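Structural description and commentary
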Amino acid sequence: MSSSITSLVIELLACPTAGEAKRVVDMLVKHLCNITGLDLHPALFLDEHATITAQGKAVSPTTAAQCAEDVQRTRIFMQGVYAALQQKLLQKNAQPIEVLYAGTGPFGLLLIPLLPLLDASQVRVTLLDIHVESLTKLQQLIDFLGVGNFIVQAECADACAWQSEKKFDVIISETMRQGLIQEPQVSIFSHLQQFLKDDGWLIPEIIRLDLWLSAGVAPAQGEPKNPDVHLGRVFQLDKATAIQLGKGDTACAHGNLWVPDYAAALKDLKLTTFIQVFGNYQLHENQSQLTLPLYERNARVLPNSLLRFRYELGSYPQCVFAYEKLPELAECPLPDSLEKNGQGIYHLKRLWHKIQLRKQANSSVKAQQQLAEIPDSEWLLDRILLDQLGAGLEPGMQQLYFANTLVDVEYWLASANAGEITEDQIQRTNRAIVNFIENKNAELDVQTGLPLNEQQLAHWDEQGYLIIPGVLSAGESAAARAVIWDFLHMRADDPASWYQSSAQMKKIMVQLFTHPALEVARNSNYIRRIFQQLWQRDDLVMTTDRVGFNPPETSQWQFPGPGIHWDVELIAPVPFGTQALIYLTDVAENQGAFCCVPGFHKKIDQWLAEQPQGVDLQQQDWTLWPVKPIAANAGDLIIWHQALPHGSSPNRADFPRMVQYLNMYR
């Protein structure tokens, strides 16, 4: 097997990428575990055999061995160490070189597997580890590989306190985590540097820590990018700084960085680690466990200020930062609804502020206090804003909640409107917001003609619903259907596709809100005038709502609802309000048709007064109610009073029911 290990090492030294090295490293680690009898992943492992020293944590033999599984770390370190030894041998003109390896772990991975490729008369090795178990297992590997003639000394000692009269050409130690936290790499090098020859090398040659302002996460597809801002280097461990620290001079381990103006999304501090093992053998950010970035979340450093840093030595080594922070959101006054954002839109800054307060409410008394001062009726202003901007209430609120900054929301709103919110759209939005705030009532203009006749109005008054035929043409209905088929990746002529799972569906609701084919109905003056006539006012807002897809029931797929229900709060008196949908397919009574209880808007207040307290009024035996399915054709509008119990029904026909939901309100 020793020849197998040497063959793997030779192959690993030639691997140019981590992908090619993965198989080799996995096999090498497996062989090393077999030789040493080490269980790499014991059950309930808590690193309980680690040693906590005055200079940091010396990880257990098991944890040290697990580091070998970090493929890029193993590849770069072994290649770098081998290159360093070859270069040092050339430099010494074939004279023997002295190598000290501190913190070997049970595998001595950075050096011992390389020794069969070297000449024992040219390389003399001293080994240090704080754990007897590591040295015991390492000796098994040394014996197995037959490289005992390289080893001058193997000593169980704390590398931060070890003493020697010998000087070394190369000192190797990889006793670190990312950000040089927790483990004693800095203390080890600053102590061992005194045993380095004048022309000797520390391996790794350089470990550099840099500080950045960062958004913390990559933006979602289509969202604007906020590149990290480099504040500067905070610490570098190399031969010079190790000597400096060894003399007690800590000037290299502290300082100041200037924080410039920056994008609001860059709330976090990010500490990155760069490792130069030797020459071009380097590890950059995210290439290894050793170079994963560390974040100080929600740092919100005050722009145009000094940030102070220092690298602290001791039982838990780490970088520490001191800086001024921006005021907390809850400490800032809530913007007025008439304060414009960068696009000139009213209320958006206030809505953004409110959403952020809600996210902080569980942990901030000040946020709770600000929220308590906002009237409940303001939710309607939020809805008006998002509908007028063509975003829709649900997707708009989701974006406001999950976006990092208001700028991200503004970018998303523009993308939802074909890349730009027009000046006309902004003016209409602002006008609707002002009208709501000033409680203006734009009475119905009867001079431009009204679409509903006396018979239709009488039916509305008595039954509480209307069927308005042909509000969309056959072509307009077909275009809307095509959009839904495409969005769901289904085909009208392939019934098997109708039942495939889709993350875009919630029961029979499809999370498709914006598309030019859906704007046809929303921009229809005829449809708007129908709502305006029923409401008897002109200042209504059109919703940006979703669509629906209700396929026929099968033995494997059953109608999931929603069944009969109300969408209004069941407290008398129930206010006037409308709801509506447009059939995009011809819909028979048995084809998942919309259903309602006609005329109940005239009875609901009395019915509510008769109901017992503490009962969920949504839970009814609807088989006892006069529920009516409404059949109609593609392009027909069904509009109903919000006091009517209503809902969809199981589709027992042979083709899906497709609808577009819409409404107007004030």
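We now turn to the structure provided with this report. (Residues numbered from 1 in each chain as written. Predicted model: local features only at pLDDT ≥ 70, side-chain atom pairs only at ≥ 80, totals over all residues. Heavy atoms only, no water.)

1. Structural notes on the overall build of the protein chain
When its secondary structure is counted, the protein chain shows 18 helices and 27 strands. Over its C-alpha trace the protein chain gives a radius of gyration of 36 Å, far above what one expects of a compact globule, namely 26 Å for 666 residues. Here the protein chain holds 666 residues, and the buried ones make up 53% of them. A fraction of 79% describes how many contacts in the protein chain between residues 6 or more apart in sequence connect residues 24 or more apart. Split by element, the accessible area of the protein chain, about 29,900 Å² in all, is 50% carbon and sulfur. Side-chain charges in the protein chain split into 52 positive and 73 negative, and the spacing between the mean points of these groups amounts to 3 Å. (Helix = DSSP H or I, 4+ residues; strand = E, 2+ residues; numbered from the N terminus. Rg over C-alpha atoms; globule rule 2.2 N^0.38 Å. Buried < 20%, exposed > 50% of the residue type's maximum accessible area, 1.4 Å probe, protein only. Contact = heavy atoms within 4.5 Å. Areas by Shrake-Rupley, 256 points an atom, 1.4 Å probe, with all protein chains shown as cover. Lys, Arg positive; Asp, Glu negative; His and termini not counted. Charge placed at Lys NZ, Arg CZ, Asp CG, Glu CD.)

2. Concerning the pattern of salt bridges
Counted by the stated rule, this structure contains 32 salt bridges. With a closest N to O distance of 3.7 Å, Lys366 and Glu331 form a salt bridge. On the criterion of sequence distance, the pair formed by Lys366 in helix α9 (residues 365–372) and Glu331 in the loop between β15 (318–322) and α8 (348–360) is long-range, its members being 35 residues apart. The exposure class of Lys366 is partly exposed, given its relative accessible area of 45%. Ionic pairing is found between Glu378 and Arg350, a salt bridge with its closest N-O pair at 2.8 Å. Placement of Glu378 in helix α10 (residues 378–388) and of Arg350 in helix α8 is noted, with a sequence separation of 28 residues between them. Residue class for Glu378 comes out buried when judged on its relative accessible area of 7%. (Salt bridge = Lys/Arg side-chain N within 4 Å of Asp/Glu carboxyl O.)

3. What to know about the sheet that holds strand β20 (residues 547–550)
Taken in spatial order, the seven strands line up as β16-β24-β21-β26-β20-β18-β17 in an open sheet, and their pairing is antiparallel. The open sheet has two free edges, formed respectively by β16 (465–468) and β17 (505–506), since each of these has just one partner strand. Where β16 meets strand β24 (residues 637–641), four bridges bridge the pair, whose relative direction is antiparallel. Paired with Ile467 across the strands is Ile638, a residue of β24. (Pairing = 2+ DSSP bridges.)

4. A look at the layout of surface pockets
Rolling a probe over the atoms, with the probe sized like a water molecule, indicates the empty space that remains. Space inside the largest pocket adds up to approximately 1,100 Å³. Lining the largest pocket are 41 residues, and of these Arg383, Asp567, Gln579, Gln642 and Asn663 sit closest to its centre. Looking at the lining of the largest pocket, the elements that each hand over two or more residues are α10, α11 (393–402), β21 (578–583), β25 (646–647), β26 (657–662) and β27 (664–665). (1 Å grid on protein atoms, 1.4 Å probe; cavity = no way out; pocket = protein on both sides within 12 Å on 5 of 7 lines; lining within 4 Å. Points joined across faces, edges and corners; volume = space filled by probe spheres on them.)

5. Some remarks on the side chain of Gln660
Here Gln660 shows up in strand β26. For Gln660, a relative accessible area of 0% translates into the label buried. Among the polar contacts made by the side chain of Gln660, one reaches the main-chain carbonyl oxygen of Leu518 at a distance of 2.9 Å. The contact partners of Gln660, leaving out residues within four places of it in the chain, are Leu518, Ala521, Arg522, Arg546, Val547, Leu581, Ile582 and Leu584. (Polar contact = N/O pair within 3.5 Å; in protein donor to acceptor, adjacent residues only side chain to side chain.)

6. Here's the deal with the pairing of strand β8 (residues 206–214)
Within β8, seven of the nine residues are buried, leaving the element largely enclosed by the surrounding structure. Sheet topology places β8 next to strand β11 (residues 268–278); nine bridges connect them, and they run antiparallel. Across the sheet, the residue bridging to Leu213 is Leu269, located in β11. Both β8 and strand β9 (residues 229–237) contribute to a ladder of seven bridges, which runs antiparallel. Bridge pairing in β9 places Trp212 opposite His230.

7. With respect to the packing of aromatic side chains
Two aromatic rings, taken as a pair, are described by how far apart their centres are and by the angle between their planes. The tally for this structure, following the rule as stated, stands at 22 aromatic pairs. Taken together, a centroid distance of 5.0 Å and an interplanar angle of 85° make the contact between Trp535 and Phe576 edge-to-face. Placement of Trp535 in helix α17 (residues 525–535) and of Phe576 in the loop between β20 and β21 is noted, with a sequence separation of 41 residues between them. Given a relative accessible area of 34%, Phe576 falls into the partly exposed group. With a centroid separation of 5.6 Å and an interplanar angle of 80°, the aromatic rings of Trp607 and Trp625 are classed as edge-to-face. (Phe/Tyr/Trp six-rings, centres within 6.5 Å; stacked < 30°, edge-to-face > 60°.)

8. Some points on the packing of α8 against α11
Direction vectors running N to C along α8 and α11 enclose 65°, while the axes themselves pass 9 Å from each other. Judged by the sense of rotation from one axis to the other, the crossing of α8 with α11 is right-handed. Residue-level inspection shows Leu351, Trp352, Ile355, Gln356, Arg358 and Lys359 of α8 in contact with α11, the latter providing Met397, Leu400 and Tyr401. (Axes fitted to C-alpha atoms, helices over the stretch in contact; angles between N-to-C directions. Left-handed = near helix turned anticlockwise from the far one by under 90°.)

9. Describing helix α5 (residues 132–145)
In this model α5 runs 20 Å from its N-terminal to its C-terminal C-alpha over 14 residues, within 8% of the 20 Å that 1.5 Å per residue would give. Regarding α5, the residues found buried are Ser134, Leu135, Lys137, Leu138, Leu141, Ile142 and Leu145. Buried positions in α5, seen along its axis, are confined to an arc of 165° and lie on one side of it. Across α5 from its buried face, at more than 90 degrees, point the exposed residues Val132 and Asp143. Positive phi appears at Gly146, one or two residues downstream of α5, with a value of about 70°. (Expected span 1.5 Å × (residues − 1). Arc of directions from axis to C-beta.)

10. A short note on the environment of Ala609
Its place among the elements puts Ala609 in helix α18 (residues 604–610). Note: C-alpha distance between Ala609 and Ile571 (38 residues apart in sequence) is 9.0 Å.

11. Topic: the packing of helix α6 (residues 185–192) against helix α7 (residues 239–246)
Here α6 crosses α7 at 80°, and the two axes come no closer than 7 Å. In terms of their interaxial angle, α6 and α7 are classed as roughly perpendicular. Across the interface between the two elements, Val186, Phe189 and Ser190 from α6 touch Ala242, Leu245 and Gly246 from α7. Its residues assigned to classes, the contact of α6 with α7 shows four nonpolar, two polar and no charged. (Parallel < 35°, antiparallel > 145°, perpendicular 65-115°, else oblique. Nonpolar A, V, L, I, M, F, W, Y, C, P; charged D, E, K, R; others polar.)

12. Considering the side chain of His191
With respect to the helices and strands, His191 occurs in helix α6. Judged by relative accessible area, which is 13%, His191 ranks as buried. Only 3.4 Å separates the side chain of His191 from the backbone oxygen of Cys160, close enough to count as a polar contact.

13. A look at the nonpolar core
In terms of nonpolar packing, the biggest core is built from 103 residues, with Ile112 and Phe235 touching the most fellow members. Here the element with the most residues in this core is helix α4 (residues 71–91); it accounts for nine residues. Here Phe235 is in contact with Leu180, Val186, Ile207, Arg208, Leu209, Leu245, Cys252, Ala253 and Tyr311, once residues within four sequence places are set aside. (Core = buried A, V, L, I, M, F, W, Y, C linked by side-chain atoms within 4.5 Å.)

14. A few points about unusual backbone geometry
With omega at 10°, the peptide bond leading from Ile203 into Pro204 counts as cis. Relative to the helices and strands, Pro204 resides in the loop between β7 (196–203) and β8. For Gln182, which is not glycine, the phi dihedral falls at a positive 70°. By the element assignment, Gln182 lies in the loop between β6 (168–172) and α6. For Gln182, a relative accessible area of 16% puts it in the buried group. The phi dihedral of Asn439 is positive, around 55°, even though this residue is not glycine. Here Asn439 lies in the loop between α13 (423–437) and α14 (454–463). Its relative accessible area of 63% is what places Asn439 among the exposed residues.

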